[in-house]
Amino acid sequence: MPVLVASDLDRTLIYSSAALALTMPDARAPRLLCVEVHEARPLSYMTETAAGLLTELGDAAVFVPATTRTRKQYQRINLPGPPPRYAVCANGGHLLVDGVADAGWHARVLARLADECAPLAEVREHLLRTADPVWVRKHRVAEDLFAYLVVERELLPEDWVKELAVWAEERGWTVSLQGRKIYAVPKPLTKSAAVREVARRTGADPVLAAGDSLLDTDLLLAADRGWRPGHGELADTGWTAPRVTALPERGVLAGERILGEFLRTVRQPA
């Protein structure tokens, strides 16, 4: 029976140049592999050691990238190792099978959102009305499923995100602050639901997971074992759970450590 390994990508396995957190002297910095290019510019990296670990992991387990990225944003990533058969995009709104969105899964997600949450249009109108152009750089809607803002963190009022979270909670939505992005996502739109579907289809057991943000908590709690890095939204709030290990590493070295933990666990005798 295969092991399923589901992991968030950004700031968990892959890192922008601003998120690398390379604190050692330049001569001791790890060699980096670019895994994403956008508009002819390198955008995301992992260490070469992490790339080797991911290649081994892809051969030893069912590896499932689980990201909040849209399908288009995900598909510009070129991860090392065998191409994942399954991938979770749009925080669970789309389940890709060999790179193609599963229409049946998406229809089930849409039906549940319609039954349980305030509509996206209401949330977007609230964001447009209450977010100050002084600190908002972009308003975005992802896959017609959720909304996010790109903001200037240093100008963002301390209480605004908390007030938005209270407003959203009453309407069946959740709010997450990740770097320069503020996400408003319907509560039923979860990575864990899509990962459970992959586990059902593949018969994989157990499930291992990793993530750094509030949007990853459902994935971590649903897994048999989980890991979070020493940076990010969960680390900043001190979030813990019984089967989740809080790692001390920050930045790109945390991604390397997480992949090492995945591979070591997969290879443990049953």
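You'll find the structure just up there.
Nothing here was measured: the structure is a model prediction, and the numbers come from that model.

Undergrad: Which residues make up the side chain of Asp216, and what values do they have?
TA: Relative to the helices and strands, Asp216 is located in the loop between strand 12 (207–210) and helix 7 (217–222). For Asp216, a relative accessible area of 0% translates into the label buried. Residue contacts for Asp216: discarding those within four places in its chain leaves Asp8, Lys191 and Gly211.

Undergrad: Explain helix 6 (residues 191–202) to me, using residue names and the numbers behind them.
TA: Look at helix 6: 17 Å from first C-alpha to last across 12 residues, which is about the 16 Å you get at 1.5 Å a residue. When helix 6 is considered as a whole, its buried residues turn out to be Lys191, Ser192, Ala193, Ala194, Val195, Glu197, Val198 and Ala199. Just beyond helix 6, the residue with positive phi is Gly203, at close to 70°.

Undergrad: Break down the pattern of salt bridges for me, citing the residues and quoting the values.
TA: Counting across every chain of the model gives 24 salt bridges. Measuring nitrogen to oxygen at the nearest pair gives 3.0 Å for the salt bridge that ties Glu122 to Arg171. Residue Glu122 is found in helix 4 (residues 120–130), and its partner Arg171 is found in the loop between helix 5 (160–169) and strand 10 (173–178); the two are separated by 49 residues along the sequence. Ionic pairing is found between Lys191 and Asp216, a salt bridge with its closest N-O pair at 2.6 Å.

What counts as what
- Residues numbered from 1 in each chain as written.
- Predicted model: local features only at pLDDT ≥ 70, side-chain atom pairs only at ≥ 80, totals over all residues.
- Heavy atoms only, no water.
- Helix = DSSP H or I, 4+ residues; strand = E, 2+ residues; numbered from the N terminus.
- Buried < 20%, exposed > 50% of the residue type's maximum accessible area, 1.4 Å probe, protein only.
- Contact = heavy atoms within 4.5 Å.
- Expected span 1.5 Å × (residues − 1).
- Salt bridge = Lys/Arg side-chain N within 4 Å of Asp/Glu carboxyl O.

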